[in-house]
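# Geometric and topological summary
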Amino acid sequence: MKEDSLIIGISIGVVIGVLLAIVTLICLRYHKHSQIGNSSSRRAAALPIRANGADSGMILSDSTIDPESPVKAGRNGMPFQIEGFKRNNVVSASGIPEYSFKDLQKATCNFTTLIGQGAFGPVYKAQMTTGQTVAVKVLATDSKQGEKEFQSEVMLLGRLHHRNLVNLVGYCAEKGRNILIYVYMSKGNLASHLYCENHGPLSWDLRVHIALDVARGLEYLHDGAVPSIIHRDIKSSNILLDDSMIARVIGFPIRIGCRFWTFKREIVDGHAVNIQGTFGYLDPEYISTRTFTNKSDVYSYGVLLFELIAGRNPQQGLLEYVELAALNNEGKVGWEEIVDARLEGKLDVRELNEVASLAYKCINRGPRKRPAMRDIVQVLSRILKLRHKKRHHRKSLSATTDDVSLDMDASEMRTPVSERHQREESVDSTDTCEV
Ligand SMILES: Nc1ncnc2c1ncn2[C@@H]1O[C@H](COP(=O)(O)OP(=O)(O)OP(=O)(O)O)[C@@H](O)[C@H]1O
């Protein structure tokens, strides 16, 4: 009897032991799985981005990749490279491909195709073997230091996708060289359109569209990107125009180590200082506090708006000119006196006064009194919607006279039909702001 109870006791003990072992094994496997899940979601959460300013907080899907980007989605959702450059490897988190220096040398005819010169190095036009044209920006450095930081900045920049930003499509970080590859903007920068005689004057219509494009790009950086990005160097040479004259912002800050690549030596109030940004566009608040905020971008944007209105360089007394005009009109109406003479008066005065008083609010010395980029987008969208409605209305009236062309105003006639058509479509299809 005693023996029987001993056997039963041992059997129960063994069964319990086996059961415990099975439960422990299951628990271990489950824990491992949940850890894998967590680590990938953590990785994903490290650099979230909201698509086109929408407050979704989601990771960009492959569908948001710019059509001009050489990065395409593979079957497994991982990016792969279209033919052209040889790919060294792919930074999978951003999908930005790395190119070899040799490939870039070939594509730029040994760096002879210079198209621009920034404070931090030259920009070359490059031709891929597929026929795609890109812009290659060589950042001035001969040090291997900062390669990791450069790659992490590339990852961050590579996640920014918006139709009003010049998208990064590749990079090279070989042998201490830091090279960025961007979509090529065939119509060059806004400054050259405003100041070079070999470009015809930009119509008023187009200037307002460009203002809205830039505002949308900045709104995305401030409210759409996570973490939010302050541009720090808004100016007309950092606004590039594509084939359809759609404006895109370039020149985001690159941080290498503890300094920003965009630091420059400028003369401010007669003293040489290391600053970010460009003289003429600099927020006075930044000059005194050395702290950049979103409202510093708003200030520079306001200067850019006045530059579009007056066709004058901010480094040559634009704001003094504006302040003089504002003395007479209290910043509200009567801005006609500062309008670019190249427009020959061909503009809508109501639109002018609305845009100029918006610009005047942006350059308020008190950052808190300046509007946010999202407010600016709303005001400009409303102006363009109104314009569109008015023209539509006039066209339908004049259709009855059998001569639509007589109804065109002078500024419309100055804009090529294809350009006007593309731009008007863009108002219809992208105006999501309800006003
Ligand atoms: N993607 C591009 N497509 C076409 N042209 C470009 C492109 N990127 C730059 N450029 C040309 O090269 C010029 C210099 O560009 P870059 O961004 O290096 O300097 P920047 O911002 O104008 O000056 P800084 O470095 O002083 O701020 C631009 O103004 C533009 O004319």
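Please refer to the structure placed before this passage.
Quick summary incoming for the structure in this document. (Residues numbered from 1 in each chain as written. Predicted model: local features only at pLDDT ≥ 70, side-chain atom pairs only at ≥ 80, totals over all residues. Heavy atoms only, no water.)

With that settled, consider the pairing of strand β8 (residues 168-172). Among the five residues in β8, five count as buried, and that is most of the element. Where β8 meets strand β9 (residues 178-183), four bridges bridge the pair, whose relative direction is antiparallel. What sits directly across from leucine 168, in β9, is tyrosine 182. Counting the residues between successive antiparallel strands, the hairpin from β8 to β9 contains five residues, one of them, lysine 175, with a positive phi of roughly 50°. (Buried < 20%, exposed > 50% of the residue type's maximum accessible area, 1.4 Å probe, protein only. Helix = DSSP H or I, 4+ residues; strand = E, 2+ residues; numbered from the N terminus. Pairing = 2+ DSSP bridges.)

This part is about the packing of helix α5 (residues 204-224) against helix α10 (residues 373-398). Running from N to C, α5 and α10 cross one another at 150°; their axes reach a closest spacing of 9 Å. Two packed elements cross with a definite hand, and for α5 against α10 that hand is left-handed. Residues Trp204, Asp205, Val208, His209, Ala211, Leu212, Ala215, Arg216, Leu218, Glu219, His222 and Asp223 of α5 touch α10, and the partners they reach there are Met373, Arg374, Ile376, Val377, Leu380, Ser381, Ile383, Leu384, Arg387 and Arg391. The class makeup of the residues in the contact of α5 with α10 is twelve nonpolar, three polar and seven charged. (Axes fitted to C-alpha atoms, helices over the stretch in contact; angles between N-to-C directions. Left-handed = near helix turned anticlockwise from the far one by under 90°. Contact = heavy atoms within 4.5 Å. Nonpolar A, V, L, I, M, F, W, Y, C, P; charged D, E, K, R; others polar.)

As a further point, take the site of the ligand. Neighbouring the ligand are 22 residues; Ala119, Lys137, Val183, Asn189 and Asn238 lie closest to it. Interatomic distance of 3.0 Å between a side-chain N/O atom of lysine 235 and an oxygen atom of the ligand. Contact distances for the ligand include 2.5 Å between an oxygen atom and a side-chain N or O atom of asparagine 238. Those elements that place two or more of their residues in the shell around the ligand are β5 (114-118), β7 (133-139) and β9. Ranked by residue count, the leading element in the shell around the ligand is β5, at four residues. (Near = heavy atom within 4 Å. Polar contact = N/O pair within 3.5 Å; in protein donor to acceptor, adjacent residues only side chain to side chain.)

Relative to the elements of secondary structure, histidine 162 occurs in the loop between α3 (147-158) and β8. When its relative accessible area of 10% is taken as the criterion, histidine 162 is described as buried. At 2.9 Å, the side chain of histidine 162 forms a polar contact with the backbone nitrogen of asparagine 164.

So, on to the packing of aromatic side chains. Counting across every chain of the model gives six aromatic pairs. Centre to centre, the rings of tyrosine 286 and phenylalanine 292 are 4.1 Å apart; their planes meet at 25°, and the pair counts as stacked. Neither tyrosine 286 nor phenylalanine 292 differs from the other in exposure class; each is buried. On the numbers, 5.6 Å between centres and 55° between planes, the contact of tryptophan 335 with tyrosine 360 is tilted. Of the two residues, tryptophan 335 sits in the loop between α8 (318-329) and α9 (349-362) while tyrosine 360 sits in helix α9, which places them 25 residues apart along the sequence. Here tryptophan 335 falls in the buried class, since its relative accessible area comes to 0%. (Phe/Tyr/Trp six-rings, centres within 6.5 Å; stacked < 30°, edge-to-face > 60°.)

Taken as a whole and assessed by the stated rule, the structure comprises twelve salt bridges. With its nearest N and O atoms 2.8 Å apart, the salt bridge here joins aspartate 283 to arginine 370. Separated by 87 residues along the polypeptide, aspartate 283 in the loop between β15 (271-276) and α6 (284-289) and arginine 370 in the loop between α9 and α10 bring together distant segments of the chain. Across this residue pair, the class does not change: aspartate 283 and arginine 370 are buried. Between glutamate 354 and arginine 350 there is a salt bridge, with its nearest N and O atoms 3.9 Å apart. In this pair, glutamate 354 and arginine 350 both sit in helix α9, four residues apart, roughly one turn of the helix. Assessed through its relative accessible area of 54%, arginine 350 is described here as exposed. One network of salt bridges, in which partners are shared, links Asp205, Glu351, Arg387 and Arg391. (Salt bridge = Lys/Arg side-chain N within 4 Å of Asp/Glu carboxyl O.)

Before going further, it helps to spend a moment on α8. Each turn of an α-helix holds 3.6 residues, which means side chains three or four residues apart point in the same direction. The end-to-end C-alpha distance of α8 is 17 Å, a good match for the 16 Å that twelve residues give at a rise of 1.5 Å each. Inspection of α8 places Leu318, Leu319, Val322, Ala325, Ala326 and Asn329 among the buried residues, and these make up the whole buried set. Viewed end-on, α8 has its buried residues packed into an arc of 120°, placing them on one side of the element. In this structure, α8 carries Glu320, Leu324, Leu327 and Asn328 as exposed residues pointing more than 90 degrees from its buried face. Structurally, α8 contributes buried residues whose contacts are with α7 (294-310) and α9. Just past α8, the residue glutamate 330 takes up positive phi, approximately 55°. (Expected span 1.5 Å × (residues − 1). Arc of directions from axis to C-beta.)

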